[in-house]
Amino acid sequence: MDSKKTKIIAGAVLALLVIAALLLFVFTRPAGDGGSKDIVFQVTHSDGSVKEFDISTDSENLRGALEQEGLISGEESSYGLYVTAIDGETADDSLSQWWCFTKDGVMLNTGVDDTMISDGEHYEAAIDTY
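Residues numbered from 1 in each chain as written. Predicted model: local features only at pLDDT ≥ 70, side-chain atom pairs only at ≥ 80, totals over all residues. Heavy atoms only, no water.

**Q** How do you make sense of the overall build of the protein chain when you look at a structure like this?
**A** Along the protein chain, the regular secondary structure elements total 2 helices and 8 strands. Along the protein chain, helices and strands appear, N-terminal first, in the series α-β-β-α-β-β-β-β-β-β. In the protein chain, buried positions account for 32% of the 130 residues. Counting only contacts in the protein chain whose residues sit at least 6 apart along the sequence, the fraction spanning at least 24 positions is 49%. (Helix = DSSP H or I, 4+ residues; strand = E, 2+ residues; numbered from the N terminus. Buried < 20%, exposed > 50% of the residue type's maximum accessible area, 1.4 Å probe, protein only. Contact = heavy atoms within 4.5 Å.)

Shown next as structure tokens:
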């Protein structure tokens, strides 16, 4: 086979792999429940005090639910909202603090924009250091 045909076939195979990967992502990404849902959000402040919020929302993601309640603020980034304050407490960057989000005690590997929520779930946040 000549070099030109090999490059065309390789390009076609690569294009098919990219399309397959995109389709796989679209059909397997987590999705939140549509409609109304109730979640619990627990905040552990740096002084050790704990506050729990029962939230009813139509939002599909954690960010929407927490912003609806006025619980979070932060800075927009290319990855979404970087949460700097929760329930009136700001993580102190000079002390290498940041807000760690968990679901049922397991650290989330997504930001608040990409964390899809479902009815009955329990989320937590606490200041951590890096």
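**Q** Is there a simple way to think about the environment of S94 in this case?
**A** Along the polypeptide, S94 turns up in the loop between β5 (89-90) and β6 (97-103). Residue classification places S94 among the exposed residues on the basis of a relative accessible area of 65%. Engagement of the side chain of S94 in a polar contact is seen with the side chain of D92, the distance being 2.6 Å. (Polar contact = N/O pair within 3.5 Å; in protein donor to acceptor, adjacent residues only side chain to side chain.)

**Q** Whenever I open this one, the sheet that holds strand β2 (residues 50-57) confuses me. Can you help?
**A** Paired through backbone hydrogen bonds, the strands of a sheet run either parallel or antiparallel to each other. Judged by pairing direction, the sheet is mixed, and its 5 strands sit side by side in the order β2-β1-β8-β6-β7 without closing on themselves. Of all strands in the sheet, those bounded by a partner on one side alone are β2 and β7 (106-107). With 5 bridges connecting them, strand β1 (residues 37-44) and strand β8 (residues 122-129) associate as parallel partners. Residue pairing for β8: F41 is matched across the bridge by Y123. (Pairing = 2+ DSSP bridges.)

**Q** How should I be thinking about the nonpolar core in this particular structure?
**A** Note that soluble globular proteins tend to have their nonpolar side chains buried in a common cluster. The biggest cluster of nonpolar side chains holds 22 residues, and the ones touching the most others in it are F41, L62, I86, W99 and F101. Broken down by secondary-structure element, the contributors of at least two residues to this core are β1, β2, α2 (62-68), β4 (80-86), β6 and β8. Discounting residues that sit within four places of it in the chain, F101 has contacts with F41, L62, L66, V83, I86, V106, M107, L108, V112, E124 and A125. (Core = buried A, V, L, I, M, F, W, Y, C linked by side-chain atoms within 4.5 Å.)

**Q** When you look at the pairing of β4 in this model, what are you seeing that I'm missing?
**A** The side chains of a regular strand alternate, first on one face of the sheet and then on the other. The element β4 is largely enclosed, with a buried count of 6 among its 7 residues. Where strand β3 (residues 72-77) and β4 come together, 6 bridges link them in antiparallel fashion. Bridge pairing in β4 places I72 opposite I86. Hairpin geometry of β3 and β4 is characterised by an intervening segment of 2 residues between the two adjacent antiparallel strands.

**Q** Please clarify how a negative patch on the surface should be interpreted in this entry.
**A** Taken together, the side chains of D38, E52, D54 and D119 make up a negatively charged region of the molecular surface. The class of D38 is partly exposed, set by a relative accessible area of 41%. (Patch = residues over 30% accessible without salt bridge, like charges linked within 9 Å, V, L, I, M, F, W, Y side chains within 5 Å. Areas by Shrake-Rupley, 256 points an atom, 1.4 Å probe, with all protein chains shown as cover. Salt bridge = Lys/Arg side-chain N within 4 Å of Asp/Glu carboxyl O. Lys, Arg positive; Asp, Glu negative; His and termini not counted. Charge placed at Lys NZ, Arg CZ, Asp CG, Glu CD.)

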